[in-house]
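Listed below, chain by chain, are the residues.
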Amino acid sequence: ETFKSLTDWSKSDNDTIKYYSGTAEYSTEFTLNTVPTGKDIFINLGKIGIMAEVTVNGKFAGGTWMAPYVLDVTDLVKPGKNTLKIDVVNLWRNYLVKEKSLPKDKQKTWMTVTDVKKDEPLQPSGLIGPVKLETIDRK
């Protein structure tokens, strides 16, 4: 599935997305007329559920798993066209919520102990954003 805008998977009308557990890849291109000198450049992912790895122009920028979801990309961006890839991984809890709503003979997973309830609220998942480049003056 291709998303046209950033959205929380758990709010999707499509159950395959709503209860999805795993990794999704987001990619885009952006253009910088110039790269500011004397400043550090960061990518701020906004809100994500649950963790992400970021690649800029084919180079690994890092991973982030807690707020604020911000990574230094100063040495990775360049004037002109840049590519951005963000792999987002969520937890499997939303999938387990869906499983709990199925009859026992239709459930594919089992656990010896679980606190998952079939009617519990779903956890936000995916790249929710907004994603921004930010600069700060070097000290």
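As the structure is a prediction and not an experimental result, all values here were calculated from the model. (Residues numbered from 1 in each chain as written. Predicted model: local features only at pLDDT ≥ 70, side-chain atom pairs only at ≥ 80, totals over all residues. Heavy atoms only, no water.)

Asks: Describe unusual backbone geometry, naming the residues involved and giving the relevant values.
Replies: Leaving glycine aside, a negative phi is the common case for residues, and trans is the common case for peptide bonds. Omega for the bond connecting Gly49 with Ile50 falls within 30 degrees of zero, at 25°, which places this linkage in the cis form. By secondary structure assignment, the location of Ile50 is in the loop between strand S3 (47–49) and strand S4 (51–56). Look at the link from Gly129 to Pro130: it is a cis peptide, with omega at 0°. Summarising the element assignment, Pro130 is placed in the loop between strand S8 (126–129) and strand S9 (132–137). Phi is positive for Asn57, which is not a glycine, with a value near 55°. Within the secondary structure layout, Asn57 lies in the loop between S4 and strand S5 (59–64). (Helix = DSSP H or I, 4+ residues; strand = E, 2+ residues; numbered from the N terminus.)

Asks: Lay out the packing of aromatic side chains with the relevant residues and their values.
Replies: With the rule as written, the count across this model stands at 2 aromatic pairs. Centre to centre, the rings of Phe3 and Tyr26 are 6.5 Å apart; their planes meet at 15°, and the pair counts as stacked. Of this pair, Phe3 sits in the segment before helix H1 (15–18) while Tyr26 sits in strand S1 (residues 23–32); the two residues are 23 residues apart in sequence, bridging distant segments of the chain. Ring geometry for Trp9 and Tyr20: centres 5.5 Å apart, planes at 70°, overall edge-to-face. Here Tyr20 lies in the loop between H1 and S1 and Trp9 lies in the segment before H1, a separation of 11 residues in the sequence. A residue is classified by how much of its surface remains accessible, and Tyr20, at 32% relative accessible area, is partly exposed. (Phe/Tyr/Trp six-rings, centres within 6.5 Å; stacked < 30°, edge-to-face > 60°. Buried < 20%, exposed > 50% of the residue type's maximum accessible area, 1.4 Å probe, protein only.)

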